[in-house]
Amino acid sequence: MVAIKIKCRTIARGVAEGEVLLSADALSFLGNVDPKTGIVVDPSHAIEGKCIKDKVLVFPHGKGSTVGSYVIYQLKKNNVAPAAMINIDSEPIVAVGAIISGIPLVDRLEEDPYAVLSDGDHVKVDSSKGYIEILDK
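Residues numbered from 1 in each chain as written. Predicted model: local features only at pLDDT ≥ 70, side-chain atom pairs only at ≥ 80, totals over all residues. Heavy atoms only, no water.

Draft legend 1. Structural context of the environment of Ala 98. Within the secondary structure layout, Ala 98 lies in helix α3 (residues 92–101). Among the residues examined, Ala 98 registers a relative accessible area of 0% and is labelled buried. Taking the C-alpha atoms as reference points, Ala 98 and Val 56, separated by 42 residues in sequence, lie 13 Å from one another. Not counting chain neighbours up to four residues away, the residues in contact with Ala 98 comprise Ala 12, Ile 72, Met 85, Ile 103 and Leu 105. (Helix = DSSP H or I, 4+ residues; strand = E, 2+ residues; numbered from the N terminus. Buried < 20%, exposed > 50% of the residue type's maximum accessible area, 1.4 Å probe, protein only. Contact = heavy atoms within 4.5 Å.)

See below:
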């Protein structure tokens with residue numbers, strides 16, 4: 001299969017690869033994710049019980065407290081952070097968390113990520129060059 005490249009907007013620079021974990025729900029890192037384990041703990045969340053460690057985490061946008069930026073940083077320090085993140089439209093809480101943690105973050109893909117990505121796809125996020133690449137579908 002030929003790899004598919006999709007242009008996007010860079011929020012936090014970097015390059016990472018990983019398995020896609022899709023969530024249709026917005027994510028509040030404060031309260032939705034355990035910073036020690038990387039497991040989504042909110043029982044009403046679409047990906048409750050799943051671990052975000054080393055995943056390419058796809059979610060529409062963040063929500064909630066500004067402390068969420070620090071929780072993303074804690075996830076990174078605890079080695080349970082996502083490899084990269086893809087949003088429909090990033091907001092400042094997730095953007096700051098990704099930047100201070102060195103986690104590649106992109107948004108505004110030229111194609112709907114929910115139409116072209118599936119759980120388990122292997123994706124490369126090259127936010128330094130402004131694209132994602134679907135390596136294995």
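The rest of the description comes next.
Draft legend 2. Inspection of the packing of helix α2 (residues 67–77) against α3 at higher detail. For the pair α2 and α3, the least separation of the axes is 7 Å and the interaxial angle reads 30°. Classified by the interaxial angle, the pair formed by α2 and α3 is roughly parallel. The way α2 lies across α3 gives a crossing that is right-handed. For the pair α2 and α3, the contacting residues are Gly 68, Ser 69, Ile 72, Tyr 73 and Lys 76 in the first and Pro 92, Ile 93, Val 94, Val 96, Gly 97, Ala 98, Ile 100 and Ser 101 in the second. Considering only residue class, the contact of α2 with α3 consists of eight nonpolar, four polar and one charged. (Axes fitted to C-alpha atoms, helices over the stretch in contact; angles between N-to-C directions. Parallel < 35°, antiparallel > 145°, perpendicular 65-115°, else oblique. Left-handed = near helix turned anticlockwise from the far one by under 90°. Nonpolar A, V, L, I, M, F, W, Y, C, P; charged D, E, K, R; others polar.)

Draft legend 3. Structural context of unusual backbone geometry. One non-glycine residue, Asn 79, lies in positive phi territory at about 60°. Turning to its location among the elements, Asn 79 is positioned in the loop between α2 and β5 (84–87). Non-glycine residue Arg 108 carries a positive phi angle of around 50°. Checked against the element boundaries, Arg 108 lands in the loop between β6 (105–107) and α4 (113–116).

Draft legend 4. Quick look at the sheet that holds β6. Taken in spatial order, the eight strands make up an open sheet running β1-β8-β7-β3-β4-β5-β6-β2, and their pairing is mixed. Looking at which strands have only one partner, the edges of the open sheet turn out to be β1 (4–7) and β2 (9–12). Each strand axis lies, on average, 30° off the axis of its neighbour in the sheet, ignoring direction. Strand direction decides the pairing type here: strand β7 (residues 122–126) and strand β8 (residues 131–136), joined by five bridges, are antiparallel. Note on β8: the bridge partner recorded for Asp 126 is Tyr 131. Against the sheet, α3 contacts β2, β4 (55–59), β5 and β6, and its axis sits at roughly 65° relative to β2. (Pairing = 2+ DSSP bridges.)

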